[in-house]
Every structure is written in structure tokens, then in C-alpha cells.
Amino acid sequence: MKRLVIFSVFMVALAWTQKTNYKGYKLLRVTPQTKEQLAYLVNLSRSPDTKGWPSDLKTLDFWRDPTTLAQSVDIFTDNGALMEQELLSKGMQPSTLMDDVQSFLDRRQAENTNSIAAGSRFTETYHTYEEIIDYLNQLANSNPLVSVSRIGVTDESRDIVTARISSGGGDTKPAIYLECGMHAREWIAHSTCIWIIDELSTLYGQIPEITGLLDRFDWFITPVSNPDGYVHSWLNDRLWRKNRKINPSSPCIGVDTNRNFDANFGGVGSSDSPCSDTYGGPSAFSEAESQAMRDILLSLQGRAKAAVSIHNNAQVWISPYGYTTERPADYAEMERIMTAGAAAIEATYGTNYPFGPGSEVLYFTSGTTKDYVYGTLGIVHGYTLELRNTPDGFVTPTTLIAPVATEAWNGIKAMANAIV
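Overview of the structure. (Residues numbered from 1 in each chain as written. Predicted model: local features only at pLDDT ≥ 70, side-chain atom pairs only at ≥ 80, totals over all residues. Heavy atoms only, no water.)

Looking only at helices and strands, one finds 13 helices and 12 strands in the chain. Here the C-alpha coordinates of the chain stretch approximately 60 × 60 × 45 Å along the principal axes. Buried residues in the chain amount to 60% of all 420 residues. Taking the contacts inside the chain whose residues are at least 6 apart along the sequence as the reference set, 75% of them involve residues at least 24 apart. Approximately 16400 Å² of the chain is accessible, and the part contributed by carbon and sulfur atoms is 51%. Charge-centre separation for the chain: the mean point of 35 positive side chains lies 2 Å from the mean point of 47 negative side chains. (Helix = DSSP H or I, 4+ residues; strand = E, 2+ residues; numbered from the N terminus. Buried < 20%, exposed > 50% of the residue type's maximum accessible area, 1.4 Å probe, protein only. Contact = heavy atoms within 4.5 Å. Areas by Shrake-Rupley, 256 points an atom, 1.4 Å probe, with all protein chains shown as cover. Lys, Arg positive; Asp, Glu negative; His and termini not counted. Charge placed at Lys NZ, Arg CZ, Asp CG, Glu CD.)

Read across the open sheet, the eight strands follow the order β5-β6-β8-β7-β9-β12-β10-β11; overall the sheet is mixed. In the strand order of this sheet, the two ends are held by β5 (146–153) and β11 (355–357), each with one partner. Ignoring which end each strand starts from, the neighbouring axes of this sheet average 20 degrees apart. Bridging between strand β7 (residues 175–180) and strand β8 (residues 218–222) involves five bridges; their strand directions are parallel. (Pairing = 2+ DSSP bridges. Axes fitted to C-alpha atoms, helices over the stretch in contact; angles between N-to-C directions.)

Our next topic: the pairing of β8. For β8, the tally of buried residues reaches five of five residues, placing the bulk of the element in the interior. Along β8, one buried face is formed by Asp-218, Phe-220 and Thr-222 and the opposite face, lined by Trp-219 and Ile-221, is buried too. Inspection of the sheet shows strand β6 (residues 159–165) paired to β8 by three bridges, in the antiparallel sense. What sits directly across from Ile-165, in β8, is Trp-219.

Summed over all chains, the structure comprises two disulfides. Through a disulfide, Cys-180 is tied to Cys-193; the S-S separation comes to 2.1 Å. Around the S-S axis, the bridge from Cys-180 to Cys-193 shows a dihedral of about 80 degrees and counts as right-handed. Taken together, the residues Cys-180 in strand β7 and Cys-193 in helix α6 (residues 187–203) connect sequence positions 13 residues apart. We note that Cys-180, like Cys-193, is buried. The connectivity of the disulfide bonds within the chain can be written as 1-2, 3-4, using the sequence rank of each bonded cysteine. (Disulfide = S-S within 2.5 Å.)

Turning next to the environment of Tyr-22. By secondary structure assignment, the location of Tyr-22 is in the loop between α1 (2–15) and β1 (26–30). Remark: the alpha-carbon pair of Tyr-22 and Asp-100, spanning 78 residues in sequence, is separated by 7.5 Å.

Moving on to the nonpolar core. Among soluble globular proteins, nonpolar side chains are generally buried collectively. Counting 63 residues, the largest nonpolar core has Ile-165, Leu-178, Leu-200, Trp-219, Leu-385, Ile-412 and Met-415 as the members making the most contacts within it. When near neighbours in sequence (up to four residues on either side) are disregarded, Leu-178 contacts Cys-193, Ile-196, Trp-219, Phe-220, Ile-221, Thr-222, Val-308 and Ile-412. Membership of the second largest hydrophobic core comes to 20 residues, among which are Ile-151, Ala-292, Leu-297 and Val-373. (Core = buried A, V, L, I, M, F, W, Y, C linked by side-chain atoms within 4.5 Å.)

What follows covers the sheet that holds strand β4 (residues 95–98). Sheet strands pair by backbone hydrogen bonding; their relative direction is either parallel or antiparallel. Overall, antiparallel pairing links the four strands, which are arranged β2-β3-β1-β4 in an open sheet. On the outer flanks of this sheet lie β2 (60–64) and β4, each paired with one strand and no other. Taking each pair of neighbouring strands and ignoring which way they run, the sheet shows an average axis angle of 35 degrees. Sheet strands in contact with helix α2 (residues 35–45) are β1, β2 and β3 (73–77), and its direction is about 120 degrees off that of β2. Each of β1, β2, β3 and β4 is contacted by helix α3 (residues 80–89), which is oriented at about 15 degrees to β1, the strand it contacts most.

Two quantities define a packed helix pair, namely the angle between the helix axes and the distance between the axes. The geometry of α2 relative to α3 is characterised by a closest axis approach of 11 Å and an angle of 145 degrees between their N-to-C directions. In this structure, α2 uses Tyr-40, Leu-41 and Leu-44 to contact α3, whose residues at the interface are Met-83, Glu-86 and Leu-87. Grouping the amino acids of the contact of α2 with α3 by side-chain chemistry returns five nonpolar, no polar and one charged. (Nonpolar A, V, L, I, M, F, W, Y, C, P; charged D, E, K, R; others polar.)

Here helix α7 (residues 208–216) has its buried residues at Ile-210, Thr-211, Leu-213 and Leu-214. For α7, the arc enclosing every buried residue in end-on projection is 165 degrees, short of the 170-degree limit, so these residues lie on one face. Buried residues belonging to α7 abut β6, α6, β8 and α13 (401–418). (Arc of directions from axis to C-beta.)

Take a look at the structure:
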């Protein structure tokens, strides 16, 4: 057993080898205090590619977007000194969250490796795609509540796998669908889905609330909805976001699958440039990953009472719509559920989750899961849950997996309990 642990640690360390190096890159935090400062940051965040950026910047990525006054904004850049000067010239006072992003990634690598070597629970450390699939298969083989199915295959021939946790009741039982990891670098999202799978499958019959939720709903959970991107984030580029689609007309790789759904596809908040992190692809549902989620939800039509896509790290509970400020006809019901969910999250550790339509509480988006789930499939409770914002951005430490997953799961349980 000891030899196996050592080998596992070696493989994790090997997988972490960085081919994209972020030495010298910085993560800055700034808080807009005036409408002019907020408008400047919003315009900058919406500028495609390098158009509208300060000169000599090659990389500019908002890890937490500007939405309201007095709320922090996190900016990742290859030229921290220049960006700091730019922000200071606008009257803002930037602080540095990461002085050298690569050094930060290396430290997180060591922490995860050491946690695994020390025998930390599977659910409290980060794992490769292969390890997650093995975990799901072992769970399905040992636990009668759990079954695993392939819902799609990626361009690089990896299975997109969904776990079904069910206490029985047939194929007409109401269902809840959860999806994690559509954006590859958001590892805490994958871990949150794994946490929920573990809770449902091991605590049934022991915790009355869990028992009640499983007796009432079948749970379908896809913990790695973008396998190719996730593998790439382990082996090549920790901060990779999109899938790994080869774009024939461009040297740039990947499609943002959360802009690839048939919900105002190609509209505001998505890009038609393959080099953009929000490139929506050549057409709606052109990608294996979005097709897989569409198909499983179509198979659950009439049963699915809620579908939640889990991301990080904006710390907000989002309802439709993302592409218009017009509120859905069912918004009062959505608001009731989000109020219950956000209250349960805050009651856990005091983390405040704003909530509301994406166009109001975050930014404009088109082609997203929540808008397709509600607008096309008619599932009223179609949401995006953006997990807790921390100074670590998309590189949440292993020590925060349990608290972040616990509060999110409490919110989802409150949502499920409140659905009538």
C-alpha cells in the first residue's frame, strides 16, 4: 500500500509539470469606488483580444469581473507594473494578490502532492481525470445507489461520464442534474461535484435530510464535463479554460462550451474569435461537451426539476437571462429558490452570495447552459452557481475544498428542499 501511495504521488507530481510558464505574471486586485472607475474596468473586461488594452499588454484576464461599486476586481496580467500604473492613473489603488503566478502554482502543486501523501481524503484533494473516473467506477461497483454512464465522447476520445445516485423508484422519478468543470481551470468546481456525489452515496440512511433528498429525487452529476480541457490543465497549462477543439481557420485552439448552447448563440458576451476565451464556436452545439449535456437533459425532460452548472470564482447565484435585462416570466419562483439557497450558504460560514439574473449580477453572456435549460427545455430552475471568491482565484488551495464544497452543497440542498 505504501508503495502505491508513493507511486500515486509521483504520478501527480509528474502530471503537474508546467509547459506553459507564468513566471513574472501577476494577479492584481482593485476596488472601483466611482462610476467612472467601474465603467473603465467594465469596458476593459469586454475588450476583445488586445483591442482597447493598454499598450504592451499581451495577457489580460479578469479572474473576478467588475460588476458593482465597492466590490473587488481581480486582474491577471503579464505586465503587472504597466497595469498598476494604468489603474493608478484612474485613481484606483491596486494591491498584489500574486506577485509571481508561476511560483504560486508551484506552491499549490506541492501542497496537493503533500496532502495526498499524508493520506488526506479523496474528496479533499485534487485529482486527475483518470483518477476521478476510477473513483466513480469503484463507487458504482461497491455502492448499489450509484451507477455510471457515458453521455458523450470528446474530440480527444475521452468519455464524458455522469454518475446517477438513486434510491430507486423507476425512470419517472423527479431528477436534479448538476454539471461541473465546463471551464477546465476551475478545479474547485470538479471537487464540489465529487463532494456531493460522496455525500449522497455514503450518507443515505444515516442523515435524514440526505435520505429524504434521495428518496425524492434521482441525482445526475457530471463532475468533469470538459475532460480534454481538464487534462490539458493538468499536463500543459494550469490556467486553460476552453475545450481542445482544433479550429481549422485559426492557430488558436478551443471553444468556450459555456457559449456554445442554443440560447442567443453568438450574441452579446460571446466572441467569434477563436483566440478569445469566450469563443462560442462555429455554431450552437458544435461541441461534444455541450451536446452531451443537452442530450442527458433531453433524456430527463419531464423529470428534471433543476439543472445547475457549477463554476468559480465570482461568488454569485445566477438565474436566466444572461443576454437581456428582461426578466423571465418565472423570475418570482427563481428568486424564491435563490433566496433559500443563498441563505443556506451564508448560514454555513457567513459567505454572502448575491443572486439574480446573470445580466444584472454578473455580466452579459450568450449561449450559456442556464438560458438554454430554461428558455428551450422549460426547466424553471436552471442556474449557474459561481463558487466562493478567494485571493487564490482559480487556484483554490486544498484546505478550502471542504468549506467551499460544504457551503455550496448546503445551498443546493436548500434549493432541492424548496422545490415544490
